[in-house]
Every structure is written in C-alpha cells, then in structure tokens.
Amino acid sequence: MSLECLSSAKSFDGWHKQYSHPSTSTHCNMRFAIYLPPQTATGEKVPVLYWLSGLTCTDENFMQKAGAFAEAARLGIAIVAPDTSPRGEGVADDPEGRYDFGLGAGFYLNATQAPYNEHYQMYDYIVHELPKLVEENFPVTSTRAISGHSMGGHGALMIALKNPERYTSVSAFSPIANPINCPWGQKAFTGYLGADQSLWREYDSSLLLADCKPEDRRPALVDQGDADSFLTEQLKPEALTAAAKKSDFPLTLRMQSGYDHSYFFISSFIDDHLRFHHQYLASS
Ligand SMILES: N[C@@H](CCC(=O)N[C@@H](CS)C(=O)NCC(=O)O)C(=O)O
C-alpha cells in the first residue's frame, strides 16, 4: 500500500502528519491525518484514538481547532483523523450541492444506492481498511478508542456499538443520536441506503444502544452543549438516554450549559475525553 506524506509538523514534541493513499474500500485516494505523540520517537508503540469529524469537515478541522495535542502528548495517545467522505473526480455529490449529503457528508456507512455505492463505503474504510493501514505503517498498537463530532459522533457511537471487540471505549460531542428520526439522517439514509428502512436501523446509534447486550457494553461518554442550534431538530440526545435506560447501558451524557455546536465547545472538553479514553486504553 503506497502512503504519500503530504505534510509534517512538530507539535508538543510529537508530530502531526497528513497522508494520502489509494483506498480499496472507497476506490479513490483518501487523505487522513495522524498525531504521533513524543513517546513514539523512541520506538514505543502507543494506542490510537480515531476521531470522526462532522458535516463539511476534512482531516484538518479537528487537528487545527480541537487543541488536543498537549494532552495526547502527555498521555501517549496517537490520534487519527480521516476525511468525512470519498473525494475526487467521478465521486458523486449532492444533486443540489448542499453541505449535508455527498462530499464532506459520508455518514460513515456503506452506501447501497447508485451512484453513491461506488465510492461511499466509509464504514468499511473506517472500521477495517484505515486501522490496518495505520497499524502496519506507524508505531501504534491495535488498542483503539473512537470519538467524533455531530455526524462523526453518530459514526463513533454506531461503529463502537457494532464492533465492541475493536474499541476499548467510545465518546462523542453533539452526536446525531437518532439519525432515522432527524432531517440530516433521513436525507442521508434515503440517498445512500434507499427507501428500505430496515437497513437504516443498522446504522442508528439509539436503536443499537437500546439492543446492546451486556457483554458488548463499552465505557461511553457524550458531551452536548445546551445552546447548540442543531440540538432539537437534528441531534436528539434524549433518544440515547432513553435507549441506555432500556438496555441498562452505563452511558455518561453531560449537558454542558451555554455551549454551541462549534470547535470552541470541543476544545473546552477534549482533554476530558482524552483522559476518559486513556483509562481504558492504558489498561488493555
Ligand atoms: N452551518 C454549517 C453546518 C455544518 C457544521 O456545523 N459542521 C460542523 C460539524 S456538523 C463542523 O464541524 N464544521 C466545521 C468547523 O467548525 O470547523 C455549515 O453550513 O457549514
């Protein structure tokens, strides 16, 4: 597998790097970023936190705005931030060029509907292809945690609930908690998965959480700002609370007073999330 290094910059004694590679899942070149903490300079292998971003983002938003490197460097955690969709010539976009579908809006699922099914295989990319690539090419272990924001919060929760054996812990900021019941999710799932709602249910975190078996439970932390303009119509964290109650899942959901949907919110609590994941990454 050919990895092309696009940039490299020292930060908090570690390194931020961007790479491009041809993907066998999405059939196009994919870009991702990795933060390698200073411990890796001596050959030590460190665990990895995968970060899934929200609508309109690339690998850059989190890396540039979250302010996560100081704590990741202190704790010895690598962070991998993939792109949010396939890109490039021939990759189908939203027919009206809107921000909430197509490019920058892959929803971390495997599309079944033409023309999106050719490239929009983000679930396979994130769950299988990217970790294999990262673990073969960087000084990291196969101990993983996963987190994300908004569309990426949906991705992180959904992927962890479907693959509990692959992640020690999961967290999310402002996740799209019940995509089958909100306009962003309904538009995406109709376009990528078609009208058959039985397939939609396989990608809905609240439904997955409600049915989670005791042995598949993983530590889960969610932060949600109560001044988030998407809260009522799109995010619906109350669906997660109800689902956790149904399956007796130990979910910590914190409503944070006055915070909105932006990276100002994420940067205020990202250290908490890194420390949360570190407890479990370090003991695996
Ligand atoms: N109003 C926004 C909606 C998209 C949005 O809020 N995206 C969030 C994730 S859902 C984000 O992280 N944006 C990029 C950033 O803040 O750096 C737009 O039209 O761009």
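Here the structure is a predicted model, which is why all the values come from computation and not from measurement. (Residues numbered from 1 in each chain as written. Predicted model: local features only at pLDDT ≥ 70, side-chain atom pairs only at ≥ 80, totals over all residues. Heavy atoms only, no water.)

Novice: So what exactly am I meant to see when it comes to the overall build of the protein here?
Specialist: Across its full length, the protein holds 10 helices and 9 strands. For 284 residues, the compact-globule estimate of 2.2 N^0.38 gives 19 Å, and the C-alpha radius of gyration of the protein, at 18 Å, lies within 12% of that figure. With the principal axes as the frame, the protein shows a C-alpha extent of 50 × 45 × 35 Å. When burial is assessed residue by residue, the protein has 59% of its 284 residues classed as buried. Pairs at least 24 apart in sequence give 72% of the contacts found in the protein among residues at least 6 apart. (Helix = DSSP H or I, 4+ residues; strand = E, 2+ residues; numbered from the N terminus. Rg over C-alpha atoms; globule rule 2.2 N^0.38 Å. Buried < 20%, exposed > 50% of the residue type's maximum accessible area, 1.4 Å probe, protein only. Contact = heavy atoms within 4.5 Å.)

Novice: When you look at the environment of Y50 in this model, what are you seeing that I'm missing?
Specialist: Inspection of the secondary structure assignment puts Y50 in strand β4 (residues 46-52). The exposure class of Y50 is buried, given its relative accessible area of 1%. For the pair formed by Y50 and D204, sequence separation is 154 residues and the distance between their alpha carbons is 19 Å. Excluding residues that lie within four positions of it along the chain, Y50 makes contacts with V80, L130, P131, V134, E135, R144, A145, I146 and S147.

Novice: Before we go on, may I ask you to explain the side chain of T168 in this structure?
Specialist: The residue T168 is located in the loop between α4 (151-162) and β7 (170-173) in this model. T168 sits in the buried class, given a relative accessible area of 13%. Only 3.0 Å separates the side chain of T168 from the side chain of S169, close enough to count as a polar contact. Residue contacts for T168: discarding those within four places in its chain leaves T143, R144, A145, R218, P219, Y280, L281 and S284. (Polar contact = N/O pair within 3.5 Å; in protein donor to acceptor, adjacent residues only side chain to side chain.)

Novice: Can you walk me through the sheet that holds β7 in this structure?
Specialist: Through backbone hydrogen bonds, the strands of a sheet pair up, either in parallel or in antiparallel fashion. With respect to topology, 9 strands assemble into an open sheet ordered β1-β2-β3-β5-β4-β6-β7-β8-β9, the strand pairing being mixed. Here the strands that pair on one side only, and so sit at the sheet edges, are β1 (4-11) and β9 (251-256). Neighbour-to-neighbour, the strand axes of the sheet open up by a mean angle of 20°, direction not taken into account. Direction of pairing for β4 relative to strand β6 (residues 140-149): parallel, over a ladder of 6 bridges. Looking at β6, one finds that L52 is bridged to G148. Of the strands in this sheet, β2 (14-22), β3 (29-36), β4, β5 (78-82) and β6 touch helix α3 (residues 122-137), which is tilted by about 55° from β3. Across the sheet, helix α9 (residues 237-247) is in contact with β8 (220-225) and β9; its angle to β9 comes to roughly 150°. (Pairing = 2+ DSSP bridges. Axes fitted to C-alpha atoms, helices over the stretch in contact; angles between N-to-C directions.)

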